[in-house]
Amino acid sequence: MGTPQHLHVIDSHTEGEPTRVVISGGPDLGHGPLAERLLLLRTNFDDFRSSVVCEPRGSEVVVGALLLKPVAADSSTAVIFFNDVGYLGMCGHGTIGLVTTLAHMGKIEPGDHKIETPVGDVSAHLHRDGSVTVNNVVSFRYRTAVKVEVPGYGRFVGDIAWGGNWFFLVADHPYDLTLAHRADLIAASTAIRQALHEQKITGSNGELIDHIEFFSAPASASNSSRNFVLCPGASFDRSPCGTGTSAKMACLYADGKLAPGQVWRQEGILGTVFAGSIHPTADGKVHPSIRGRAWIASESKLIFASDDPFRNGIKF
């Protein structure tokens, strides 16, 4: 990053989970495919990522979204999502926040919009009531009933599924999925993720499983399930997690427990809800849709002084 530098950002939260959209001032990544631009950002401009979402300007819970020029003429925008420790293939709550931000800026109207991400195109519908339906990338269960031995905790059994990120989904656990128990939830899910890594339990092509998801009965009888999701790093998702809900619905469909078009109401740890549904593909995978709401929280300019020792963020 050149010095000094200003970045124009708009902050929102989606059902409690923050998104920071970088409107202008980001690095020049060219106009190639999103996967190539992500590689360039990760290789040459990673200080940009940490400066935007890490302390002192951000925190471990903030997800960043870099607006980019799309490749296709019929796309509304392209985006790369990132957080305090790295990059996200896709982000459900972030996409809802992104669409809400574009509407706030007057860039889009209610209707359908195509958004390019490094893991594929995502379509989103901005409803007139302000809510957003995200039609996520194709999702699927990769393995079922996978056993992992976790030092200090014992054995956990879960499914491995793709919902735009890799998840290990655990229904059988002893934890109360409430904010009062978040320290125990973070510790246990972090230990599971580390054990998966050490035991070389991965996604379908050897990818790191970086999201851990616990489930329980919902607090409200009007909902289908409650979850806790550990994100990459040490943060947990305040929302019900869009990609995590997609992965969960893929597992339910594979078990014959979710019919096409049936609504699955996923409750997060704050009690907020994503309404999801699926449409199957010919090869047994699913096209998941997630509906939720975001609210604009602030619009600001990030300033990077040349003599600031933490201008590139504090990396814990």
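Before any of the text, the structure's been laid out above.
Draft legend 1. Inspection of the nonpolar core at higher detail. Within the largest apolar cluster, 56 residues are counted, with the highest numbers of intra-cluster contacts made by Phe81, Val148, Phe168, Ile192, Leu196, Phe214 and Phe228. Element by element, the count of residues in this core is highest for helix 4 (residues 182-198), at six residues. The contact partners of Phe81, leaving out residues within four places of it in the chain, are Val63, Gly64, Ala65, Tyr87, Leu88, Met90, Cys91, Gly94 and Thr95.

Draft legend 2. Local environment of unusual backbone geometry. For the peptide bond that leads from Glu55 to Pro56, omega is 10 degrees, which places it in the cis range. Locating Pro56 in the fold gives a position in the loop between helix 2 (46-53) and strand 3 (63-68). With a phi close to 50 degrees, Glu15 is a non-glycine residue in the positive phi region. Mapped onto the elements, Glu15 comes out in the loop between strand 1 (5-14) and strand 2 (17-24). With phi around 55 degrees, Lys200 is a residue other than glycine that occupies positive phi space. Note that Lys200 resides in the loop between helix 4 and strand 12 (211-216).

Draft legend 3. Here's a closer look at the pairing of strand 8 (residues 132-135). Both strand 7 (residues 120-126) and strand 8 contribute to a ladder of four bridges, which runs antiparallel. Counterpart to Leu126 in the pairing with strand 8 is Val132. The hairpin turn running from strand 7 into strand 8, its antiparallel successor, is five residues long, and Gly130 in that turn takes a positive phi close to 95 degrees. The sheet contact formed by strand 8 and strand 16 (residues 286-292) spans four bridges and is antiparallel. Within strand 16, the residue paired with Val134 across the bridge is Ile290.

Draft legend 4. Summary view of the pairing of strand 12. Counting buried residues in strand 12 gives five out of six residues, a clear majority hidden from the surface. In this structure, strand 11 (residues 166-170) lies alongside strand 12, joined through four bridges in parallel fashion. Its bridge partner lying in strand 12, Phe168 is registered against Ile212. Handedness of the crossover joining strand 11 and strand 12 through helix 4: right-handed. Note: strand 12 against strand 13 (residues 225-230), five bridges, orientation antiparallel. By the bridge assignment for strand 13, Phe215 is matched with Asn227.

Draft legend 5. Representation of helix 1 (residues 34-44) in the model. Taken together, the buried positions of helix 1 are occupied by Leu34, Arg37, Leu38 and Leu41. An end-on view of helix 1 places all buried positions within 105 degrees of arc, on one side of the element. Facing away from the buried side of helix 1, by more than 90 degrees, are the exposed residues Glu36 and Thr43. Buried-residue contacts for helix 1 involve helix 2, strand 3, strand 4 (77-82), strand 5 (87-88) and strand 6 (111-117).

Criteria and cut-off values
- Residues numbered from 1 in each chain as written.
- Predicted model: local features only at pLDDT ≥ 70, side-chain atom pairs only at ≥ 80, totals over all residues.
- Heavy atoms only, no water.
- Core = buried A, V, L, I, M, F, W, Y, C linked by side-chain atoms within 4.5 Å.
- Buried < 20%, exposed > 50% of the residue type's maximum accessible area, 1.4 Å probe, protein only.
- Helix = DSSP H or I, 4+ residues; strand = E, 2+ residues; numbered from the N terminus.
- Contact = heavy atoms within 4.5 Å.
- Pairing = 2+ DSSP bridges.
- Right-handed = clockwise from strand over helix to strand, strands pointing away.
- Arc of directions from axis to C-beta.

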